[in-house]
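The lines below spell out each chain.
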Amino acid sequence: MEVFMKVLVTNDDGIQAEGIKHLTTALASVAEVFVFAPDSQRSACGHGITVTAPIEVKEYDMPNAARAWTVSGTPADCVKLGLRILKDQGIDVVFVFSGINHGSNLGTDTLYSGTVSGAIEGVINGLPSFAVSVNARNPEY
């Protein structure tokens with residue numbers, strides 16, 4: 001199957017979280033997936049961006065992703081840098097997906113959610129974007 005759609009995936013639970021692995025696997029059946037995710041847990045960081053320290057970006061081996069990178073910043077940093085890096089490589093992303101978050105993002109939680117903010121950064125950059133959460137702290141995928 002030839003895939004034409006290219007998507008960027010991020011999260012706030014970190015690159016090693018189960019949720020992002022499952023989201024990447026699901027999307028890989030219909031798209032070429034590029035992952036830019038925090039190198040560690042960044043839950044409840046809101047739409048913060050890193051302005052006082054250099055941001056490190058490192059390649060990462062993630063099953064089912066065309067390519068993946070860890071970022072020493074927030075989900076918003078991940079999307080902002082990811083879109084720029086991919087564009088510089090001639091890769092045009094058409095959607096941004098953020099998640100799967102471990103726990104729900106409901107009501108005022110959305111104001112603090114790094115998962116939601118990853119999707120908002122995609123929208124700020126003119127792309128349809130989705131924040132995906134599961135209403136469980138220890139989900140069974």
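Everything below is about the structure printed above this text.
Cut-offs applied
Within every chain, residues take consecutive numbers counted from 1 along the sequence as written. Side-chain atom pairs in this predicted model are given and counted only at pLDDT of 80 or more, local residue features only at pLDDT of at least 70, and totals for whole chains, interfaces and linings cover all residues. Side-chain numbers here rest on the full set of heavy atoms in the structure, without hydrogens or water. Starting at the N terminus, helices and strands are each numbered in turn, a helix being any DSSP run of H or I of at least four residues and a strand any DSSP run of E of at least two. Radius of gyration here is computed from C-alpha atoms only, and the compact-globule reference equals 2.2 Å multiplied by the residue count raised to the power 0.38. The cut-offs for exposure are 20% and 50% of the maximum accessible area for each residue type, with area from a 1.4 Å probe on protein chains only; residues under the lower value are buried, those over the upper are exposed, and the others partly exposed. What sets the accessible areas is the Shrake-Rupley method with a 1.4 Å probe; for residues, cover comes only from the shown protein chains. The convention is simple: Lys and Arg are positive, Asp and Glu are negative, and His and the chain ends are not counted. Charge positions come from single atoms, namely NZ of Lys, CZ of Arg, CG of Asp or CD of Glu. We call Phe, Tyr and Trp rings a pair once their centres come within 6.5 Å, taking the six-membered ring for Trp, and we label the pair stacked below 30 degrees between planes, edge-to-face above 60, and tilted otherwise. Two strands qualify as a pair provided DSSP detects at least 2 bridges between them. A crossover counts as right-handed when, viewed with the strands pointing away from the observer, the path leading from the first strand over the helix to the second turns clockwise.

Across its full length, the protein chain carries 4 helices and 6 strands. When the elements of the protein chain are put in sequence order from the N terminus, they spell out β-α-β-β-β-α-β-α-α-β. Its C-alpha atoms give the protein chain a radius of gyration of 14 Å, near enough to 14 Å, the size a compact globule of 141 residues would have. Seen along its three principal axes, the alpha-carbon backbone of the protein chain occupies a region of about 40 × 40 × 25 Å. Every one of the 141 residues in the protein chain was classed for burial, and the buried ones make up 44%. When the accessible area of the protein chain is evaluated, it comes to approximately 7,200 Å², of which 55% is carbon and sulfur surface. The distance from the centre of the 9 positive side-chain charges to the centre of the 15 negative ones in the protein chain is 4 Å.

The next thing to look at is the packing of aromatic side chains. Considering all chains together, one arrives at 4 aromatic pairs under this definition. Judged by centre distance (6.2 Å) and plane angle (55 degrees), the rings of Phe95 and Phe97 are tilted. Overall, Phe95 belongs to the partly exposed group, its relative accessible area being 24%. Relative to Phe130, the ring of Phe95 has its centre 5.9 Å away and its plane inclined at 50 degrees; by these criteria the two rings are tilted. Linking Phe95 in strand E5 (residues 95-102) with Phe130 in strand E6 (residues 129-134), this pair joins segments that are 35 residues apart in sequence. Owing to a relative accessible area of 37%, Phe130 belongs among the partly exposed residues under this scheme.

Strand E2 (residues 32-38) sits mainly inside the fold: 6 of its 7 residues count as buried. Across 4 bridges, the pairing between strand E1 (residues 6-10) and E2 is parallel. By the bridge assignment for E2, Leu8 is matched with Phe34. Tracing the backbone out of E1, into helix H1 (residues 18-28) and back to the parallel element E2 gives a crossover that is right-handed. Two strands pair when backbone bridges link them, and E2 and strand E4 (residues 67-71) are joined in this way by 5 bridges, in the parallel orientation. The partner of Pro38 across the bridge, within E4, is Val71.

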